[in-house]
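Coordinate inspection notes
Spelled out, the chains give:
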Amino acid sequence: MDFKVETMAEYAARGETPEVLFWIGCAASFDERAQKVTRAVAKILHASGVRFAVLGTEESCTGDPAKRAGNEFLFQMQAMSNIQVLNGYGVTKVVTACPHCYNTLKNEYRELGGNYELVHHSELIQQLLDQGRLKVEGGHFAGKKITFHDPCYLGRGNNIYEAPRSVIHKLDAALFEMKRSREKGFCCGAGGAQIFKEPEKGNKDVNVERTEEALGLSPDIIAVGCPFCMIMMTDGVKSFNKESQVQVMDVAELIARAADL
Amino acid sequence: MIAQIIFVVLFAAAVAWFSFNVRRITRYINLGRDIKRNDQPWKRWKTMFRVALGQSKMVTRPVAGILHIFVYAGFIIINIEVLEIIVDGVAGTHRVFAPLGAFYDFLIGSFEILAFLVFAACAVFLIRRNVLRLKRFHLKEMTAWPRSDANIILITEILLMTAFLTMNASDFLLQQRHVGHYLTAGSFPVSSVVASLMSNLSSESLVSIERFCWWFHILGILAFLNYVPYSKHFHIFLSFPNTWYSNLENKGRLNNMENVTREVKLMLDPSASPTAGNDAPQRFGAKDVFDLTWKQLMDAYSCTECGRCTSVCPANLTGKLLSPRKIMMDTRDRLEEAGRLIDKNGKEFRDGKSLLDRITKEEIWACTSCNACTEACPVNIDPLSIIIDLRRYLVMEESGAPAELGNMFTKIENNGAPWQFAQADRFNWTTNT
Ligand code: SF4
Ligand code: SF4
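This report concerns the structure included in the present document. (Residues numbered from 1 in each chain as written. Chains lettered and ligands numbered in written order. Predicted model: local features only at pLDDT ≥ 70, side-chain atom pairs only at ≥ 80, totals over all residues. Heavy atoms only, no water.)

Description of the overall build of chain B
Just so we agree on the cut-off: Numbering of helices and strands runs from the N terminus, with a helix taken as a DSSP run of H or I at least four residues long and a strand as a DSSP run of E at least two residues long. Pairs of residues are marked as contacts when any of their non-hydrogen atoms sit within 4.5 Å. To be clear on the numbers: accessible area is Shrake-Rupley with a 1.4 Å probe, and residue cover counts the displayed protein chains and nothing else. For the purpose of charge, His is not counted, nor are the chain termini; Lys and Arg are scored as positive and Asp and Glu as negative. Charge coordinates come from a single atom per side chain, which is NZ of Lys, CZ of Arg, CG of Asp or CD of Glu.
Tallying secondary structure elements over chain B gives 16 helices and zero strands in all. Based on the C-alpha atoms only, the size of chain B along its principal axes is roughly 95 × 55 × 40 Å. Sequence separation of at least 24 residues holds for 77% of the intrachain contacts in chain B that already meet a minimum separation of 6. Just so you have it, chain B exposes about 19600 Å², and 65% of that area is on carbon and sulfur atoms. If the 47 positive side-chain charges of chain B are averaged to one point and the 40 negative ones to another, these points end up 3 Å apart.

Considerations on the site of ligand 1
Here is the rule we go by: The criterion for a residue being near a molecule or strand is simple. One of its heavy atoms has to lie within 4 Å of it. For this scheme, ten residues count as nonpolar: Ala, Val, Leu, Ile, Met, Phe, Trp, Tyr, Cys and Pro. Four count as charged, namely Asp, Glu, Lys and Arg, and the remainder, Gly too, count as polar.
Every residue lining ligand 1 is accounted for by Cys313, Pro314, Leu322, Pro324, Cys367, Thr368, Ser369, Cys370, Asn371, Ala372, Cys373 and Ile387 of chain B. Within the shell around ligand 1, the residues separate by chemical class into nine nonpolar, three polar and no charged.

Notes on the environment of Ala34 of chain A
Residues and elements named next belong to chain A. The cut-off we apply is this: Accessible area is worked out with a 1.4 Å probe on protein chains only. A residue is then buried under 20% of its type maximum, exposed over 50%, and partly exposed in between.
Turning to its location among the elements, Ala34 is positioned in helix H3 (residues 32–47). Classification of Ala34 as buried rests on a relative accessible area of 2%. With 186 residues separating them along the chain, Ala34 and Asp220 place their C-alpha atoms 20 Å apart.

Structural notes on the site of ligand 2
Taken together, Cys303, Thr304, Glu305, Cys306, Gly307, Arg308, Cys309, Arg325, Met328, Cys377, Pro378 and Ile381 of chain B make up all the residues around ligand 2. Per-class residue counts for the shell around ligand 2 are seven nonpolar, two polar and three charged.

Some points on the interface of chain B and chain A
Size of an interface, as often reported, equals the accessible area lost when the parts are brought together. Threshold: When two parts are brought into contact, each loses some accessible area as probed by a 1.4 Å sphere; the total of that loss over both is the buried area. Any Lys or Arg side-chain nitrogen found within 4 Å of a carboxyl oxygen on Asp or Glu counts as a salt bridge.
Each partner contributes to the interface: chain B provides 61 residues, whereas chain A provides 72 residues. In this assembly, chain B packs against chain A so that about 5700 Å² is buried in total across both faces, 63% of it on carbon and sulfur atoms. Interface area lost by chain B to chain A is led by Trp419, Arg426 and Trp429 of chain B, which between them contribute 14%. Our enumeration of links across chain B and chain A arrives at four salt bridges. Of the charged contacts in the structure, one is a salt bridge between Arg426 of chain B and Glu59 of chain A, with a shortest N-O distance of 3.3 Å. Counting only elements with at least two residues in the side of chain B that touches chain A, the list comes to helix H9 (258–268), helix H11 (314–317), helix H14 (372–376), helix H15 (383–398) and helix H16 (403–415) of chain B. At seven residues, H9 of chain B tops the list of elements feeding residues into the side of chain B that touches chain A. Among the residues forming the side of chain B that touches chain A, the class breakdown is 31 nonpolar, 16 polar and 14 charged.

Notes on the packing of helix H9 (residues 206–215) of chain A against helix H10 (residues 227–239) of chain A
All names here are of chain A. Heads up, the rule is: Between the N-to-C directions of two axes lies an angle of 0 to 180 degrees, each axis being a line fitted to C-alpha atoms and, for a helix, fitted only over the stretch in contact. For classification, angles of less than 35 degrees are called roughly parallel, those exceeding 145 degrees roughly antiparallel, those between 65 and 115 degrees roughly perpendicular, and all remaining angles oblique.
Contact pair H9 / H10: the axes reach a minimum separation of 8 Å and the direction vectors enclose 75°. By the angle class used here, H9 and H10 are roughly perpendicular. Between H9, through Asn207, Val208, Arg210, Thr211 and Ala214, and H10, the contact on the second element is made entirely by Met232, Met233, Asp235, Gly236, Val237 and Ser239. Here the residues of the contact of H9 with H10 are counted per class, giving five nonpolar, four polar and two charged.

Things to note about the packing of aromatic side chains
As a reminder of what qualifies: Stacked, tilted and edge-to-face pairs are distinguished by plane angle, under 30 degrees for stacked and over 60 for edge-to-face with tilted covering the rest, among Phe, Tyr and Trp rings (Trp via its six-membered ring) whose centres lie within 6.5 Å.
Counting across every chain of the model gives 23 aromatic pairs over all chains. Ring centres 5.7 Å apart and planes at 40° place the aromatic pair Phe7 of chain B and Trp214 of chain B in the tilted group. Here Phe7 of chain B is found in helix H1 (residues 2–29), whereas its partner Trp214 of chain B is found in helix H7 (residues 203–227), with 207 residues between them in sequence. The burial state of Phe7 of chain B is the same as that of Trp214 of chain B; both residues are buried. Here Trp244 of chain B and Tyr245 of chain B contribute two aromatic rings whose centre-to-centre distance is 5.0 Å and whose plane-to-plane angle is 80°, an arrangement assigned as edge-to-face. Here the aromatic cluster, defined as three or more aromatic residues joined through ring pairs, consists of Phe22 and Phe52 of chain A together with Phe427 and Trp429 of chain B.

Things to note about the sheet that holds strand E8 (residues 247–250) of chain A
All names here are of chain A. Basically, it comes down to this: In short, DSSP must find at least two bridges between two strands for them to pair.
Pairing in this open sheet of four strands is parallel, and the strands run E6-E5-E7-E8 from one edge to the other. Unpaired on one side and paired on the other, strand E6 (174–176) and E8 mark the two borders of the sheet. On average, adjacent strands in this sheet sit at an angle of 35° to one another, irrespective of strand direction. Relative to strand E7 (residues 221–224), strand E5 (residues 145–148) runs parallel, the two being bridged by three bridges. Considered in E7, the bridge of Phe148 is made with Ala223. Contacts between helix H8 (residues 162–169) and the sheet are confined to E5, E6 and E7, with E5 contributing the most and set at about 170° to the helix. Helix H11 (residues 251–258) contacts E5, E7 and E8 of the sheet and is inclined by roughly 85° relative to E8.

What follows is the structure in structure tokens.
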């Protein structure tokens, strides 16, 4: 990347606080495909002049998969040590590209002493576009068909349905909705710690069912807003041997490309 | 006079039996753990008006939603008619509200239209269940009893509406013939059509038919009232409190376990005094219905077995065993079982069985926590919270997580991520281009 991503520690050393903390999350830190999204978000923030920082190696799992798998002990241990770090830096506002981190940091840290204002990256991108801090140019997606897959923890979990859509609307592409969208969105199959285990016996994988629905619209791009959905939908597209025709992309990547970043 | 006495005795018995069952169910619900659900009363009233009274979540499926509104409106409004029937029954009068004049005509007219709509809606419902065999009414957990339960209710409603309309039809003819006490009152938009089929009958036969239908109608209602507490139909009462006590938080949030918080704080700071530790130690998570909250138990009794949850559950739709409706039915059935044993043997009695005898691990671990079920439920039931509480028990009390999840826990403990990656590599995404 052609700029330096600063850490909270570096900001603190200068006695400064950033506008917003960019919480990366495990999937987006380690999964190679998701890392690309992380870089796209960072580029967007940088290009828009947002003074942001990351925790770098001080970040740790929010505990979401542990909590959903029933291990409340482990969750609370993770939460309390994360809260210590966050509160130590006086963090008040957090942006993240992971709806699971979003949900946990926003809703599940409160009772353990962590109160933060959370924004999903799609919301922040929407704001930046609306405020004119970020500009996208037409042309990149002319004539493309895009469908958006709602992440459960962004949509039903936290009632954010419009931000990612309004971001996609800024592109000169056509947004097509799947029959099961918004409140009725169909899970990608990763949540509730499912991604860490083999599925139970059944007749189909959840991600295949969902990808089939998306492919039914013959889209050029399946847009997602969650690193887990990214993994599941990408696998789904591969299972239909469609990876050369259909791309799975995060909304941040769409915008980064449209803004020539 | 004898008729009046019989009426009063039957009526009193029906009310007594019903209230006995309501108290019984209240007692069972109160076997659950405490949870605070009375904050933001204003928002709660609004939710109740919207979801229970306004049926807002029913109409997301328009056909079933609108038909259900007919039945529901009919049920509530025709009860005004029942009030008259009760007064007539006790006082030995006939159409005691008739002096209301034009308003009375209006009321009877609207009851008739509603009765017809209820009749038609129930007929369509029966066809959907038994002829079209909609998938969600025939999944595994819909065994013989739940299926009969639904059919019994629909057939009873059809019979009640038929009796009501036939009663009005004969009354209408008797009014026209100026027979005895059959004073001219009411308007009969539907039963006048039925009456045209009965106009050959003698006045004596009509009186017998009218009386028979009157008794059949009111006794049917009293029987129905007492059937309801044994049936999924109890939702006609419980949907109101159940939506009032809804979870008002973002759906994505799982509750914080305070007993765990206490222990974790002690672990992190051993010098902290184990404050508030004087309440009896609670099991982590849920093994049986006693470990669930009263709200989760109320959910179980509010379930209408409609299967809307299961019909959108990603696990169920891809052939897994999990069905959120079954979670609710199992919880209710287990609570009925455990509650009855407590009634017999005393409050502390435990039979050694548990909810986990009914809900298998295979079901519990298949959930993606996607909240499709809670979103779809027309009475705001939360099957997910029960699934999570069962997981908590399995993991924290029995170390019974699937091996892969156990590995995931270890990785979070060791390197702060659910995968095998070094903490030091967390920042590599900036350079991995
Ligand atoms: S939360 Fe679990 S039970 Fe409910 S619909 Fe999703 S996968 Fe099914
Ligand atoms: S939990 Fe709700 S949606 Fe599911 S069967 Fe019961 S009433 Fe219907």
